[in-house]
Amino acid sequence: MIKKILVSQPKPSSEKSPYYDIAEKFGVELVFRPFIKVEGMSAKEFRTQKVNLLDYTAVVFTSRHAIDHYFTLAKELRVTIPEDMKYFCVTETIALYIQKYVQYRKRKVFFGTTGRVDDLLPTMVKHKTEKYLVPMSDVHNDSLTRLLDSKKLQHKECVMYKTVSNDFTEEEVKNFDYDMLIFFSPSGIESLTKNFPNFDQKEIAIGTFGPSTAKAAKDANLRVDLEAPTEKYPSMTGALQHFLLLQED
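**Student:** What exactly am I supposed to notice about the sheet that holds strand β3 (residues 36–40) here?
**Tutor:** Within a sheet, each strand pairs with its neighbour through backbone hydrogen bonds, oriented either parallel or antiparallel. Strand order in this open sheet of six strands is β3-β8-β7-β4-β5-β6, and the pairing throughout is mixed. Edge positions in the open sheet fall to β3 and β6 (109–111), since each of these has one partner strand only. For this sheet the average axis-to-axis angle between neighbouring strands, irrespective of direction, equals 25 degrees. Pairing analysis gives four bridges linking strand β4 (residues 58–61) to strand β5 (residues 86–89), with the strands arranged parallel. Note that in β5 the partner of Val59 across the bridge is Tyr87. Sitting on the sheet, helix α3 (residues 64–76) touches β3, β4, β5, β7 (131–137) and β8 (154–165), and the angle it makes with β8 is about 105 degrees. Running over the sheet, helix α5 (residues 117–126) touches β4, β5, β6 and β7 and is turned about 155 degrees from β5.

Written as structure tokens, this is what we have:
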């Protein structure tokens, strides 16, 4: 019987999160505890990549982390970002976050609707003369590079932040009594095996989001009981609700 679920993400900021509906509907306790955290690179670390921020006329942002670390590094490097710098963001939410650092002007901020770079490409192609800088995490693949190459865009990817294990305290290790664990990235699985080297899954259910997370779990000899997204359940909350319904039968 699943009564206590650990979700390896920060606690939702909105009271309207579907997770709270799940907790109420199924009478389960949900604990939000990230297994990983994001740390920015220092100016010294960044310099080793030999990237000059002012060589680029546009920046592609795939997350709010990327925005935070881009502007933080610029400040550390004592670089003043030009007023006419253009920003290309995968969603409107990410685009609006830029206001934290610079005045938001529609003529220089562009965004997609799906959260995928593919959706942003037609707009980027319209600005073919720009030199694009893409801030990234140390955990990434080459798909974005290949995508921009396919459109013959001038671009440079650089690492500005890194994903590290968010270590558990002795107290947390002692009180690790969950019926289900939910992971959203391979780094989360790595953190589990690092923090709990003798982890014995037994009856603990494991849910994963995304094929690479499921693969990492299976490679770590874990049994994956819930895989999302699926065609019918594109979100983790939808898939989790369905999974808990099945447990009741």
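Past the structure itself, the notes keep going.
**Student:** Just to check I follow, could you spell out the side chain of Ser187 for this structure?
**Tutor:** Looking at the secondary structure, you find Ser187 in helix α8 (residues 186–195). Residue Ser187 is classed as buried on the basis of its relative accessible area, which comes to 11%. Leave out the neighbours within four places in its chain, and Ser187 touches Ile36, Val139 and Thr163.

Criteria and cut-off values
Residues numbered from 1 in each chain as written. Predicted model: local features only at pLDDT ≥ 70, side-chain atom pairs only at ≥ 80, totals over all residues. Heavy atoms only, no water. Pairing = 2+ DSSP bridges. Helix = DSSP H or I, 4+ residues; strand = E, 2+ residues; numbered from the N terminus. Axes fitted to C-alpha atoms, helices over the stretch in contact; angles between N-to-C directions. Contact = heavy atoms within 4.5 Å. Buried < 20%, exposed > 50% of the residue type's maximum accessible area, 1.4 Å probe, protein only.

Nothing here speaks to function; it is all geometry.
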